[in-house]
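Residue-level listing of the chains:
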Amino acid sequence: MNEAIANVICCPACHGGLRSGRGRLQCETCGVTYRIQNEVPLFIQENVVAVSSDHVSNPIGADFEAILRKGDGVILHIGAGATPQKYPTCIEFEHKIFKHTDVVGDAHQLPFRDGSFDRVFAFNVFEHLREPARAAAEVARVLKPGGTVAIHTAFLQAVHEEPAHFYNTTEYGLRGWFADFEIEKLSVTPNFSPGIMLAYLMSSVVNVLQESGISWREQTIVQETTLGEWADFWAGKTGPPDGFDTLQNLPQAAQKKIAAGFELIGRKPIRQ
Ligand SMILES: [Zn+2]
């Protein structure tokens, strides 16, 4: 572990300082110990997977790559995945050990001191967090005053990395999670454009049909419908397109991947 990392990490539970010894870190305040694996401090108690070093994650976009290459400020990259190269001023934070991972932990309880970073990046992370607002508050805590955050998160996306996909958010939900920040810009980037949305959702429909063992003939009927037919049906101008009943009758497990919403029926337990 290099000095830059040693200087900013702290106990995620109480923010106490850490002392190292015998391949472990121990909190000087609350006494909790944390493991070190492959020289990476692990701030979660579960087993941590080391991912093969030939794995490379999707690129994060030219503008952010340029900031990382330039080493513009001290950067925390949450959910960095497997980056193509190691950047000098960036701490890569993950829940598994990828090639360049520096610290393993939980985004809801960051193991970093207050005011440690000039920038925080979290791309395609927040839809996978159980409590996004809590993680946003942690981002605020570890940023220096005036520090910036860059988030990419899901809106109209199919379920992915299940079961660890908890929230798709509208713009307004996203603004709510980051209500304590000054929002400089909230926009749709080319990787999230309506064309990407259609491609992603339509491919999910096709995949679900295939996985459900629907006959090739019935799959073809759905695939040959047009956007306009679905729009006209929704607007009440026509009846449902051919293939509507195929989708209505998919097994529940298949429907859950591409549904418009869910019904939940609950009951308060008699004994608490
Ligand atoms: Zn502690």
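Computed from a predicted model, the values in this text were never measured in an experiment.

Draft legend 1. Main features of the pairing of strand 2 (residues 24-27). Alternating positions in strand 2 separate cleanly, L25 and C27 being buried on one face and R24 and Q26 remaining unburied on the opposite face. By the bridge criterion, 4 bridges tie strand 1 (residues 18-21) to strand 2 in an arrangement that is antiparallel. Along strand 2, the bridge assignment pairs L18 with C27. The loop that links strand 1 with its antiparallel partner strand 2 comprises 2 residues; one of these, R22, has a positive phi angle of about 50°.

Draft legend 2. Examining the domain arrangement of the protein chain more closely. Domain assignment breaks the protein chain into domain 1 (50-190) and domain 2 (194-258). Each of domain 1 and domain 2 has a C-alpha centre, and the two are 33 Å apart. Across the contact, 4 residues belong to domain 1 and 6 residues belong to domain 2. For the side of domain 1 that touches domain 2, a count of residues per class yields 3 nonpolar, 1 polar and no charged.

Reading guide: rules and limits
Residues numbered from 1 in each chain as written. Predicted model: local features only at pLDDT ≥ 70, side-chain atom pairs only at ≥ 80, totals over all residues. Buried ≥ 20, exposed ≤ 12 C-beta atoms within 10 Å, placed from the backbone. Helix = DSSP H or I, 4+ residues; strand = E, 2+ residues; numbered from the N terminus. Pairing = 2+ DSSP bridges. Domains from an automatic or database assignment. Contact = placed C-beta atoms within 7 Å. Nonpolar A, V, L, I, M, F, W, Y, C, P; charged D, E, K, R; others polar.

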